[in-house]
Every structure is written in structure tokens, then in C-alpha cells.
Amino acid sequence: MKPADMKTSNKKLILNYFYNNETVARPDLVGELGLSKPTVSMLVGELQDEGYLLHAGEGDTGQQGGKRPQLYTFNALCGTAVAVNIGVARIQGALTDMRLNSLKQIDAPYSEGDPQQAFSAMVGVIGELLEEASAHRLAVFGIGVSAPGIVRSESGVLVNSARLRSWGQVPLKSRLEEQFRLPVRVDNAPRNIALAEKWAGLGKHLSTFITLQADGGLGTGIFLDGKIYKGADESGGEFGHTTVDMNGPPCRCGNRGCWELYGSDEAFMKRVADGLELHSDSMMAGAVRSGARLDLPLVAECVARGDRLARQLVEEYADGLSVGLVNLVNVFNPEWIILQGQLRLLGPDFLRMVTEKVKERALYPGSDKVRIGFSGFAGDTKLIGAAALVVKEVMEGKYFRSVIYS
Ligand SMILES: [Zn+2]
């Protein structure tokens, strides 16, 4: 390795060590990373000058006494990321710090069949967030985008989206880079969700885990042996479209009996609506008659208040969800399956139902190993994941100098 490459590699090592640990004493780095004292001293100095590290006082002297060690901590505001999620008829945007905390969040509507309008909405949202960063003298490392459908992550082209069929191929990365003169990274929403969990969520210390979000469709992000799984053409990992009933109803993907038709929240709410027609005496039907919106929060509330119909429908939904989870466990042997979004409202009882069903049917020892839980993120993980695309680049040492956008 050339000396310059060696230096970058060591600097990256130190930066990541700080990212993954709270406060670190400089001498500890020598032991932990196997680097020499002068190297640590020089690189910590550089990282501090560049704004990545903050001096955090002095530590205690060891048993032998002597000089107090200097403490440092990662500076989450060394720079920011602009994150964008292309939702259905809505562009969401956030400015986040390097620990993926949202500093400002905005959104803008667009009409679904109109990619040009969506792009204009995206430009507006990004522009506003860059102005916010500039007003607070915050550096911006880059722009991350979560797109629905199949994305070529290298070129940042949205190739195909079942939800946005009329869009055709959209070169998101090149168009946004041309517009804003900042690095842009694009990937699809399920993979970005997995990335968010890896960088700042439950996946932090895991090497194989799966994220699942049921919001309209059923998206899976597969983090396999330390890497996001993409497949040869980056169209892999679409577990929502694996067949669970070969004679099942047609799916929007063109196949039949896909897991999505049983495991998505949309499918669940359709069954709830059918159930209400048959049980007009249920608590839930009463609530709807008095004007309540029939949605997942209402079902969750009715379950909590002891409505038998709601409870039975949730139990059936747990069946529909677990049938695909069993397949995931048998294929990938994950340590964790992290459920995203609104499913959290169904609470610990729902988790227990799903977990029991998976453990009963999946192969040992994978069935024994796997844990199923709700994501700890309060915000929209697709958006947090878009920011994680930028954080990942920073931690891989791609920039080492942040840019103040003006
Ligand atoms: Zn399908």
C-alpha cells in the first residue's frame, strides 16, 4: 500500500472507531487499533482540525499516575446530509446530522403520474433544506435519495417502479448532481431502511438481519453477512413478491399469490373491511359508523379495548405475515427481523403471535436464533436511510472535507 493510501486507511479506521464509541481516550486507540502513538496523535489532530472530532476534556490518570489522557468524541455536526424520499404523491425531505438525527423536515406534494412535477418538487425540497443548512453555517456532505422500485445504485437511475409505472427510467443522480453540484447517492427504499438500521438502529452490531416494511406494498431489506444484498441486477431481495399460494389471486407484479397479498398493511386493511361487513355488531364497526377512520391505529385501539373481531383479524394477519417470515428465516438465517412503521401500533402481543408462528414452522437452528422486533426509529426510516447513504460515504473516507453550500 502507498503511504498516502495507508494514511487514509488509518484515518478511516480511527473515524469509524469514534463513530461507534462514545468518548475515547487517545492512548486507548493505540491499543485498540494497533497503530503507533505518533500516527494516532497526528491523525486525531487532523480529524479534529477538519471538524470530525471534538475534544472532550481529560480522562483519569492510570494506576501509575502520570499525564491525564486526552479525550475525544465524534462530532455529529461535522457535516449534514440532505435526505429525500420519493413517496406516493409526496416528496419528503430532511436535513440530518451524521448520527441520522433530523434537524429539519419538510415535504411537498406532486401528482403521481407526473415525473417532471415530482422532480420539481424534489428540487424545491432539497433547495429549502440546503438554505437551512447554509443559514446555520452547517456543512453539507451530500444528498441521499430513497426511491421506490428498482434502482441502479452506482449510476443512480430509477429503472422501474411498480407504483410509478408511468415514470420510465429516471437518471436521478446525474440530474440532481447537475442541479446542486453536490454528491448524490440513490438507492431503493427497502435497502436504505436496512442501511439506516445498520448505521443507527437495531442492526448496529449485527451482520445478518432483515428489515420489513408493510406500507402499501411489502418491502424487505436484506443485510447479509455484513453487506446489503442487491443481486446481479440489483433487483434481488424483493421478498414481498415470492409466491406463498400458487393458486392465489393476481398480484400487481404480474405473478399470483405473492406474499405481499397476505402480509402488507393494505392487504390487512382490506380483510378488516371485509370482516366489518360480516360483523356489523363489532366494536370496530360501531366506531366506523360514528365517523372513525378505518385504519391501522383504529384496529390497534379496538384490540386494546378487547374487540374480538379486531383480535381475530390481527391473529389472521400474523399468520399471513409469518408465512413469509418463515421463508426468510429458512433462506437467510437472520439474527433479527426488524419490523418497520405502523406495525408497531399492534404492540407486543402481535410480536409474540408472529414470533411463535415463525419459531413453530421455521427450520432449526435458524428458528431458535431469530429475534423479531419493532424498529426503534420514531421517524420515517426511508428518509433516515436516504441520509444513511451519505453517512456511509463519509465513514468510508470518501470526502474528508465537508462543503459549505452557498
Ligand atoms: Zn407480486
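Residues numbered from 1 in each chain as written. Predicted model: local features only at pLDDT ≥ 70, side-chain atom pairs only at ≥ 80, totals over all residues.

This part takes up the packing of helix α11 (residues 308-332) against helix α12 (residues 347-361). Packing of α11 against α12 brings their axes to within 8 Å, and their N-to-C directions diverge by 45°. Between α11 and α12, the interaxial angle falls into the category oblique. Handedness of the crossing formed by α11 with α12: right-handed. Where α11 abuts α12, its residues Val314, Glu315, Ala318, Asp319, Leu321, Ser322, Leu325, Val326 and Val329 lie against Phe350, Met353, Val354, Lys357, Val358 and Arg361. (Axes fitted to C-alpha atoms, helices over the stretch in contact; angles between N-to-C directions. Helix = DSSP H or I, 4+ residues; strand = E, 2+ residues; numbered from the N terminus. Parallel < 35°, antiparallel > 145°, perpendicular 65-115°, else oblique. Left-handed = near helix turned anticlockwise from the far one by under 90°. Contact = placed C-beta atoms within 7 Å.)

On to the packing of helix α2 (residues 26-33) against helix α3 (residues 37-49), then. Look at α2 against α3: their axes get within 9 Å of each other, and the N-to-C directions meet at 120°. By the angle class used here, α2 and α3 are oblique. Both α2 and α3 take part in a crossing whose hand is right-handed. Here Arg26, Leu29 and Val30 of α2 come into contact with α3, specifically with Lys37, Val40, Ser41 and Val44.

The next point concerns the confidence of the model for the protein. Of the residues in the protein, 97% have a pLDDT of 70 or more, and the chain-wide mean is 92. Contacts of residues 402-406 to residues separated by more than four positions or lying in other chains number 16 contacts, the stretch itself having pLDDT below 50. (pLDDT = per-residue confidence, 0-100.)

Judged by pairing direction, the sheet is antiparallel, and its three strands sit side by side in the order β1-β3-β2 without closing on themselves. Where the open sheet ends on each side, the last strands, each with one partner, are β1 (23-25) and β2 (53-58). The average angle at which neighbouring strand axes cross in this sheet is 35°, direction not considered. Here β2 pairs with strand β3 (residues 70-74) via four bridges, running antiparallel. By the bridge assignment, Leu54 is partnered in β3 with Thr73. Docked against the sheet, α2 engages β1 and β3, running at close to 85° with respect to β1. (Pairing = 2+ DSSP bridges.)

Let us now look at the sheet that holds strand β14 (residues 227-228). Strand order in the open sheet formed by five strands is β14-β13-β12-β15-β16, with mixed pairing between adjacent strands. Two strands in the sheet have a free side with no partner beyond their single neighbour: β14 and β16 (371-374). The pairing of strand β12 (residues 209-215) with strand β15 (residues 336-339) spans four bridges and is classified as parallel. In the strand pairing of β15, Ile210 is matched with Ile337.

What follows covers the pairing of strand β4 (residues 80-87). Along β4, eight of the eight residues are buried, which leaves the element largely enclosed by surrounding structure. Along β4, one buried face is formed by Thr80, Val82, Val84 and Ile86 and the opposite face, lined by Ala81, Ala83, Asn85 and Gly87, is buried too. With six bridges joining them, β4 and strand β7 (residues 140-147) adopt parallel strand pairing. Within β7, the residue paired with Val84 across the bridge is Val145. (Buried ≥ 20, exposed ≤ 12 C-beta atoms within 10 Å, placed from the backbone.)

Take the nonpolar core next. Membership of the largest hydrophobic core comes to 108 residues, with the highest contact counts inside it found for Val82, Val84 and Ala387. With 12 residues, α11 is the single largest residue contributor to this core. Every residue in contact with Val82, bar those within four places of it in the chain, is listed here: Gly93, Leu95, Ile126, Leu129, Leu130, Val140 and Ile143. (Core = buried A, V, L, I, M, F, W, Y, C linked by C-beta atoms within 7 Å.)

So, about unusual backbone geometry. With an omega of 5°, the peptide bond between Tyr364 and Pro365 qualifies as cis. When you line up the elements, Pro365 lands in the loop between α12 and α13 (366-369). Of note in the backbone geometry, Arg181 takes a positive phi value of approximately 55° without being a glycine. Looking at the secondary structure, you find Arg181 in the loop between α5 (172-180) and β11 (184-188). Phi is positive for Asp225, which is not a glycine, with a value near 50°. You can see Asp225 is positioned in the loop between β13 (217-224) and β14. Overall, Asp225 belongs to the exposed group, with 8 C-beta atoms counted inside 10 Å.

To continue, consider helix α1 (residues 3-20). A rise of 1.5 Å per residue sets the reference length of α1, with its 18 residues, at 26 Å; its end C-alpha atoms lie 26 Å apart and thus fit the reference within 8%. For α1, the set of buried residues is Lys11, Ile14, Leu15 and Phe18. Viewed along the axis of α1, the buried residues span an arc of 100°, placing them on a single side of the element. Set apart from the buried face of α1 by more than 90 degrees, the exposed residues are Asp5, Met6, Ser9 and Asn20. Tucked into the core, α1 has its buried residues touching β1, α2, α3, β2, β3 and α14 (381-395). (Expected span 1.5 Å × (residues − 1). Arc of directions from axis to C-beta.)

Glancing now at α12. For α12, built from 15 residues, the straight-helix expectation of 21 Å at 1.5 Å per residue is met to within 8% by its first-to-last C-alpha distance of 22 Å. Phe350, Val354 and Val358 are the residues of α12 that are buried. Along the axis of α12, the buried positions cluster into a sector of 60°, meaning they face one direction only. Exposed and facing more than 90 degrees away from the buried side of α12 are Pro348, Arg352 and Glu360.

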